[in-house]
Structure formats: structure tokens, C-alpha cells
Amino acid sequence: MSNNLSCVLYGPNDIRMENRSIPRPGKNEVQIKIHSVGICGSDVHYWQHGRIGDFVLTSPMVLGHESSGTVSAVGEGVSHLKAGDRVAIEPGVPCRHCEFCKSGRYNLCLDVVFCATPPVDGTLCRYYVHAADFCYKLPDHVSFEEGALLEPLSVGVHACRRAGVTIGKRVLICGAGPIGLVSLLTAKAMGAAEVCITDYEVRRYGCAGRNGPGRGETADNQRRSSRSRHPWHISLR
């Protein structure tokens, strides 16, 4: 059955919308009707350049990895999910057998299979099949859009844990883009007393100030254009 509209990257600046066949779940897999997909910087990089470091696009690939949706079918051996469950997708599936995986640090697995990393297709499509144990049920109060943001949010959580952010800490975040903002939210949730976030793009501070929470102020009272070579910063207390 070919009713799976997908966003397929063929090469730099060559994205095509095409219908592909709907995949069926295998053992320990689920089929997901995708609802929301975030556009990551890596998606943009592949679109513009056709590669990221050693990961080179050599054949058409579906983009997208920040995703949520509804389980539409389950494969053999899946018991914790059923059709109709709303889920968020963890896009990197490790080997489960190496020392990193066995010690709980599976994010460092050298054999991880990651959505939208050549040659693996991503989730910017209507239907996608994924390992069931890397799909997580969403509570009723969490929207699909919020579910799709859990993957980038995990980056902020990991960063703050590695930095040892705790109650009363003062934190500097370089960059007020999406990852900077989820790091800001995480730092505040972990009890940081003050967070300073910097960026060259002045327009980004409106969102940073709204998501502090708290009082925002610019570094000084001088007016600078967004083309200035000097970064602005906002302090959130």
C-alpha cells in the first residue's frame, strides 16, 4: 500500500515529496502514524550540504528524527504498547550488547541506528516503524508537539547533568537557539539561581526572556544592531 507521503532528500537542496509504501512492523517493533516532527539543525545541514562529517548522503533518505505520533499497529512480542497509544520516539536505537549499552550509556554505542542519518530513513512521513522499546507513552496532558520536543529536551537535560547544575548554581549558556532554550528551561528546573544566555541574534532574546522564568535584562543600555560583531546576553534570575 503506497499512501505514505514522505519528505525525501535526494541531494543538496533537492527535497521531494513522494508516496512510499507503508512499512509493516516486525518483531518487537511498532508502526506509528506520525503526528509531529521537529526540524533539527542536522536536517537543515543535510538538506544544504548532503553530509555531516563522515555521514554522507549516497542514496535518497527521509529526513526527520524529533517525532511523536500514534501507534497504529504492533509487531510480535510487543506487550507494553497497543494501537491508539500516543508516543514519543527516541530516534537512536543501539545494539544493546556492547559495553556502553550494558553499562547504561547506550548513547555512546558505536553501532547505534539513528533516524535520518545516512543510510537510515527518518520520520518525516505519515507512517514509520520503530523499535517498540524506544517508543514512550505520552501522558494525556502532554501534546504531540511537546512530545516531539522531548528529543531536543534530552540534550538540555544531559548537558545540565554533565555540568552539575543544582540548586543555587549560576549557569552560562552560549547560544539562544532551540537547544539553548531547552537548556535554559532545564537549568531553571534543576534549581539554578541565575542563568546567563548569550547570542548574536537579538531577536532570540524575546523567547529566552519569556521562558526564564524571571526577570530579563540586556548586558547594558547601549543599543546594538543584530549585525554587531559583539554578542548580547540576557540574565534570567
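Relative orientation and spacing of two packed helices are given, respectively, by the angle between their axes and the distance between those axes. Their axes nearest at 8 Å, the elements helix α4 (residues 150–163) and helix α5 (residues 178–189) cross at an angle of 55°. Here α4 is positioned oblique relative to α5, judged by the angle of their axes. Relative to α5, α4 is oriented so that their crossing is right-handed. Facing P152, L153, V155, G156, V157 and C160 of α4, the residues of α5 in contact are I179, V182, S183, T186 and A187.

What follows concerns the nonpolar core. The tendency in soluble globular proteins is for nonpolar side chains to be buried as a group. Grouped together as the largest cluster of nonpolar side chains are 15 residues, with contacts concentrated most on V30, I32, L81, V87 and C135. When contributions to this core are tallied by element, the ones reaching two or more residues are β3 (29–38) and β8 (86–89). Here the element with the most residues in this core is β3; it accounts for three residues. Excluding residues within four positions of it along the chain, I32 makes contact with G69, T70, V71, S72, V87, I89, R126, Y127, Y128, H130 and C135. Residues V165, A187, I197 and Y205 belong to the second largest nonpolar core, which totals 13 residues.

To continue, consider the pattern of salt bridges. Throughout the structure, instances matching the rule amount to seven salt bridges. In this structure, E18 engages R20 in a salt bridge whose closest nitrogen and oxygen atoms are separated by 3.3 Å. Residue E18 is classed as partly exposed on the basis of its relative accessible area of 22%. Given a relative accessible area of 22%, R20 falls into the partly exposed group.

Attention now moves to the packing of aromatic side chains. Under the defined criterion, the tally for this structure stands at one aromatic pair. Between Y106 and F134, the aromatic rings sit 5.6 Å apart at their centres with planes inclined by 85°, giving edge-to-face as the arrangement. In this pair, Y106 sits in the loop between α2 (99–102) and β10 (113–114) while F134 sits in the loop between β11 (127–131) and β12 (135–137), placing the two residues 28 residues apart along the sequence. Taking NZ or CZ as reference, R16 lies 3.7 Å from the ring centre of Y10, over its face. Above the ring of F144, the side-chain terminus of R86 is found at 4.6 Å from the ring centroid.

What follows is about α4. Given a rise of 1.5 Å per residue, 14 residues ought to cover 20 Å, and the 20 Å separating the end C-alpha atoms of α4 matches this to within 8%. Taken together, the buried positions of α4 are E151, P152, G156 and C160. If you follow the buried residues of α4, they end up packed against β7 (66–74), β10, α3 (144–148) and α5. One or two residues past the end of α4 sits G164, with phi positive at roughly 70°.

The rules behind each value
Residues numbered from 1 in each chain as written. Predicted model: local features only at pLDDT ≥ 70, side-chain atom pairs only at ≥ 80, totals over all residues. Heavy atoms only, no water. Axes fitted to C-alpha atoms, helices over the stretch in contact; angles between N-to-C directions. Helix = DSSP H or I, 4+ residues; strand = E, 2+ residues; numbered from the N terminus. Parallel < 35°, antiparallel > 145°, perpendicular 65-115°, else oblique. Left-handed = near helix turned anticlockwise from the far one by under 90°. Contact = heavy atoms within 4.5 Å. Core = buried A, V, L, I, M, F, W, Y, C linked by side-chain atoms within 4.5 Å. Buried < 20%, exposed > 50% of the residue type's maximum accessible area, 1.4 Å probe, protein only. Salt bridge = Lys/Arg side-chain N within 4 Å of Asp/Glu carboxyl O. Phe/Tyr/Trp six-rings, centres within 6.5 Å; stacked < 30°, edge-to-face > 60°. Lys NZ or Arg CZ within 6 Å of the ring centre and 35° of its normal. Expected span 1.5 Å × (residues − 1).

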